[in-house]
Amino acid sequence: MRELIEKVLSECKKYTADGRVADYIPELKKACPADLGICVLGGSETVELGDCDKRFTMQSVVKPMILLLALMDNGRETVERLCGVEATGKPFDAFNYSDMALRGEHINPMVNAGAIALCTLIGGEGKDEKFERLFSLVKRLSKNQSITVDEAVFRSERETGNKNRALAYMLKAYGMIDCDVEDMLEVYFKACSISVSCKDIANIALVLAHRGRDPESGEELIPAEYSRYVTAILAICGMYDGSGEFALRVGIPAKSGVGGGIMAVVPGKMGIGIYSPSLDKKGNSTAGVKVLERLSAALDLSIF
Ligand code: GLU
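Residues numbered from 1 in each chain as written. Predicted model: local features only at pLDDT ≥ 70, side-chain atom pairs only at ≥ 80, totals over all residues. Heavy atoms only, no water.

### Notes on the sheet that holds strand β8 (residues 261-266)
Sheet architecture is open: five strands sit in the order β3-β2-β9-β8-β7, paired in antiparallel fashion. The sheet is open, and its two borders are formed by β3 (47-50) and β7 (254-256), each paired with just one other strand. Averaged over neighbouring strand pairs, the angle between their axes works out to 10° when direction is ignored. Helix-sheet contacts for helix α12 (residues 286-299) involve β2 (37-41), β8 and β9 (270-275), and the interaxial angle to β9 is about 150°. (Pairing = 2+ DSSP bridges. Helix = DSSP H or I, 4+ residues; strand = E, 2+ residues; numbered from the N terminus. Axes fitted to C-alpha atoms, helices over the stretch in contact; angles between N-to-C directions. Contact = heavy atoms within 4.5 Å.)

Quick look at the structure:
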C-alpha cells in the first residue's frame, strides 16, 4: 500500500502546476502551490507521505461538520426544512437566485448559503459557545485536541468576505434565518479557519467511513443515521459543481476546500486526507483529485 501511494503521489505531483492557489482570501495566497501531502488511514497500515505535516485551513471541509452538528442538535426534519439536499449545479458562493425565490430547497449544506444558514442551528447561547461546540466536535473526531484556529486567515476572511456577508443578509431578507448576521458570519469564518493536517481530516473521514464509530474502540461518536446523511451529501455535492464528474471518475464521497484540503470517505474501509493548494476553476485541488482518481482505480474504491 505504501509503495502504491508513494508512486501515485510522485506521478501526480506535476498536476499541481495545472491549478492556482486561491487568492480571493488574501491570506490563502501564501500557500506553496507545489505542496502535495496525503494521509491514508484504515488499511492495514497508516500511510503519511509528502507534505503531510503542513497545516492548512479547513475552509469548506468544515461544512460536513457544521451539517453534522446541526443534525445532532436539531434532528433531520429541522435541518431539511432550512436547507435542502439537492445539488445546485452552481458555484459554492453563487448568489444569483434571481430566477427563483430563495428557499431552503434551493440550497444545500455544501454551498456557502446552506452552511451559513446551518450555523444558526448549532446549539449554544452566543457566537462563542456555538463556535466552541463545533470546534470540540472537530477536535474529537480528528482525535487531536491541539488543533487551533488560524487567526490570520480568520481576520482575512472576515475583512474580505463580502460575498458571504451578502449571502447571509439575503438569507435574512428572505426570512430563512433570524439572528444577528455578523455573529453568525463570525462562527462561519472561524470554522473555515480551523487549521488542520492531512491526518486530522483523514481521522474525521475514517469515523464517517464507519458510520459514526471509532473503528478501533467501536465507540459511537456520531449517530449512524447522521453519519450516513453527511456521507450521502458528500457524494451528491461535496466537490462543488464538479461533483458529478468526480463521482464518475473517482466515486468516493469527499469534500474539498479552497485551502487545498480534500477529505475522502471510503465507506467501510478508509479515511483519506489530502493537502495540495493548487485549485482548478471549480475550487478542487488539481493534484488531489488526480491522486484520488488513481487510488480509486488501483484499489477499486468507487462506491458505484
Ligand atoms: N471560507 C470560504 C468561503 O466561504 C470557504 C470556501 C470554500 O472552501 O469553498 O469563501
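Here the narrative resumes, following the displayed structure.
### Concerning unusual backbone geometry
Excluding glycine, a negative phi dihedral is what most residues carry, and trans is how most peptide bonds are arranged. You will see that Gln-59, though not glycine, has its phi angle at about 50°, which is positive. By secondary structure assignment, the location of Gln-59 is in the loop between β4 (56-57) and α2 (63-74).

### Some points on the nonpolar core
Formed by 74 residues in total, the largest nonpolar core has its most connected members in Met-58 and Ile-194. At nine residues, helix α9 (residues 198-209) tops the list of elements feeding residues into this core. The next biggest cluster of nonpolar side chains, apart from the first, holds 27 residues, and it includes Ile-5, Leu-36, Leu-49 and Leu-295. (Core = buried A, V, L, I, M, F, W, Y, C linked by side-chain atoms within 4.5 Å. Buried < 20%, exposed > 50% of the residue type's maximum accessible area, 1.4 Å probe, protein only.)

### What to know about the packing of α2 against helix α4 (residues 112-119)
A pair of packed helices is captured by two measures, namely the crossing angle of their axes and the spacing between those axes. Running from N to C, α2 and α4 point in directions that differ by 40°, and their axes come no closer than 9 Å. Our classification of the angle between α2 and α4 gives oblique. At the point where α2 passes α4, the crossing takes the left-handed sense. Side by side, α2 and α4 meet where Lys-63, Ile-66, Leu-67 and Ala-70 of the first sit next to Asn-112, Ala-115, Leu-118 and Cys-119 of the second. (Parallel < 35°, antiparallel > 145°, perpendicular 65-115°, else oblique. Left-handed = near helix turned anticlockwise from the far one by under 90°.)

### Observations concerning the site of the ligand
Residues in contact with the ligand, as listed here, are Tyr-24, Gln-59, Ser-60, Phe-92, Asn-112, Glu-157, Asn-164, Tyr-188, Cys-192, Tyr-240, Gly-257 and Val-258. Contact between the ligand and Gln-59: a nitrogen atom at 2.7 Å from a side-chain N or O atom of the residue. Contact with the protein chains covers 99% of the free accessible surface of the ligand, which is 300 Å². Tallied by class, the residues present in the shell around the ligand amount to six nonpolar, five polar and one charged. (Near = heavy atom within 4 Å. Polar contact = N/O pair within 3.5 Å; in protein donor to acceptor, adjacent residues only side chain to side chain. Areas by Shrake-Rupley, 256 points an atom, 1.4 Å probe, with all protein chains shown as cover. Nonpolar A, V, L, I, M, F, W, Y, C, P; charged D, E, K, R; others polar.)

### Brief notes about the sheet that holds strand β6 (residues 194-196)
Pairing within the open sheet is antiparallel, and its three strands lie in the order β4-β6-β5. Whereas interior strands pair on both sides, the edge strands pair on one side only; in this sheet they are β4 and β5 (148-149). Here β4 runs beside β6; their pairing, made up of two bridges, is antiparallel. Paired with Thr-57 across the bridge in β6 is Ser-195.

### Quick notes on the pattern of salt bridges
The tally for this structure, following the rule as stated, stands at 19 salt bridges. Salt-bridge contacts for Arg-133 lead to Asp-73; the nearest nitrogen and oxygen are separated by 2.7 Å. With a gap of 60 residues between them, Arg-133 in helix α5 (residues 127-142) and Asp-73 in helix α2 connect regions that are remote in the sequence. According to the relative accessible area criterion, Arg-133 is partly exposed, its value standing at 29%. Note that Arg-158 and Glu-186 form a salt bridge whose closest N and O atoms lie 3.8 Å from each other. Placement of Arg-158 in helix α6 (residues 151-160) and of Glu-186 in helix α8 (residues 181-192) is noted, with a sequence separation of 28 residues between them. Judged by relative accessible area, which is 17%, Glu-186 ranks as buried. Through salt bridges that share partners, Lys-7, Glu-11 and Arg-294 make up one connected network. (Salt bridge = Lys/Arg side-chain N within 4 Å of Asp/Glu carboxyl O.)

### Details of the side chain of Lys-130
With respect to the secondary-structure elements, Lys-130 resides in helix α5. Of the side chains with opposite charge, Asp-73 lies nearest to the buried Lys-130, which makes no salt bridge, at 7.5 Å. Beyond its immediate sequence surroundings of up to four residues, Lys-130 is in contact with Cys-119, Thr-120, Ile-122, Gly-123, Gly-124, Met-184 and Val-187. (Lys, Arg positive; Asp, Glu negative; His and termini not counted.)

### A short note on the environment of Val-62
Positionally, Val-62 belongs in the loop between β4 and α2. Setting aside chain neighbours within four positions, we find Val-62 in contact with Leu-134, Val-138, Ala-191, Cys-192 and Ile-194.

### Overview of the packing of α4 against α8
Contact geometry for α4 and α8: axes closest at 9 Å, N-to-C directions at 115°. In terms of orientation, α4 and α8 fall into the roughly perpendicular class. Crossing of α4 against α8: the hand is right-handed. Every residue of α8 that contacts α4 at Asn-112, Ala-115, Ile-116 and Cys-119 is listed here: Met-184, Leu-185, Val-187 and Tyr-188. Looking at side-chain class alone, the contact of α4 with α8 contains seven nonpolar, one polar and no charged residues.

Any link to function would need more than the numbers given here.
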